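Chain and residue survey
As a plain string of letters, each chain reads:
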Amino acid sequence: HEDLGRCLEYTGCDGVMSACGLLADPSLFIAAAPRAPRAEMCRRYLEYAARYQASNGQVGKHVYSILRSLLRRNKELSLVVNSFRYEVALTAEQLAP
């Protein structure tokens, strides 16, 4: 978060954009934000994804990004999530026109 202020001041920009970085750390733009557990962030994301009908491919990639730090430490969980991503990709491929 400290980098944000320095970058805005240095560049004179009015704002910044971030996509993947916010999946990995949703509190990126909030100073001193309490961090929710990754599982809770993932649950919230899945609620939004369902509400706004995100594509299967997007959901698989985003869930992986949200859980990436956990997956690096937990090989078993990593295998489960990668299997999920593979199944989601197959389903999306089968449903494509």
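What follows covers the overall build of the protein chain. Secondary structure summary: the protein chain contains five helices and zero strands in total. The order of helices and strands in the protein chain, counted from the N terminus, is α-α-α-α-α. Looking at the 97 residues of the protein chain, the share that counts as buried comes to 20%. Pairs at least 24 residues apart make up 40% of the contacts formed inside the protein chain by residues separated by at least 6 positions. For the protein chain, the computed accessible surface area is about 7,500 Å², with 57% contributed by carbon and sulfur atoms.

Residues Leu-23, Met-41, Cys-42, Tyr-45, Ala-49, Val-59, Val-63, Ile-66, Leu-67, Leu-71 and Val-81 constitute the largest nonpolar core, which totals 11 residues. Only helix H3 (38-51) and helix H4 (56-73) provide two or more residues apiece to this core. Of the residues forming this core, the biggest block, five residues, is contributed by H4. Setting aside anything within four residues of it in sequence, one finds Cys-42 in contact with Val-63, Ile-66 and Leu-67.

To continue, consider H4. Helical geometry: 3.6 residues make up each α-helical turn, so side chains three or four residues apart lie on a common side. The end-to-end C-alpha distance of H4, which contains 18 residues, comes to 25 Å, matching closely the 26 Å that a straight helix rising 1.5 Å per residue would cover. Of all the bends in H4, the greatest, near 65 degrees, is centred on Leu-67. Listing the buried residues of H4 in full gives Val-59, Gly-60, Val-63, Ser-65, Ile-66, Leu-67 and Leu-71.

This brings us to the environment of Pro-37. Residue placement: Pro-37 occurs in the loop between helix H2 (20-24) and H3. Overall, Pro-37 belongs to the exposed group, its relative accessible area being 57%. Taking the C-alpha atoms as reference points, Pro-37 and Leu-67, 30 residues apart in sequence, are found 9.9 Å from one another.

Before going further, it helps to spend a moment on the packing of H3 against H4. At a closest axis distance of 9 Å, the pairing of H3 and H4 adopts a crossing angle of 170 degrees. With respect to H4, the axis of H3 lies roughly antiparallel. From H3, Arg-38, Met-41, Cys-42, Tyr-45, Leu-46 and Ala-49 reach across to H4, where they touch Gln-58, Val-59, His-62, Val-63, Ile-66, Leu-67, Ser-69 and Leu-70. Taken together, the residues of the contact of H3 with H4 sort by class into 10 nonpolar, three polar and one charged.

What counts, and where the lines are drawn
Residues numbered from 1 in each chain as written. Predicted model: local features only at pLDDT ≥ 70, side-chain atom pairs only at ≥ 80, totals over all residues. Heavy atoms only, no water. Helix = DSSP H or I, 4+ residues; strand = E, 2+ residues; numbered from the N terminus. Buried < 20%, exposed > 50% of the residue type's maximum accessible area, 1.4 Å probe, protein only. Contact = heavy atoms within 4.5 Å. Areas by Shrake-Rupley, 256 points an atom, 1.4 Å probe, with all protein chains shown as cover. Core = buried A, V, L, I, M, F, W, Y, C linked by side-chain atoms within 4.5 Å. Expected span 1.5 Å × (residues − 1). Bend = angle between axes of the 7 residues up to and from the residue. Axes fitted to C-alpha atoms, helices over the stretch in contact; angles between N-to-C directions. Parallel < 35°, antiparallel > 145°, perpendicular 65-115°, else oblique. Nonpolar A, V, L, I, M, F, W, Y, C, P; charged D, E, K, R; others polar.

It is worth stressing that arrangement in space is one thing and function is another; only the former is reported here.
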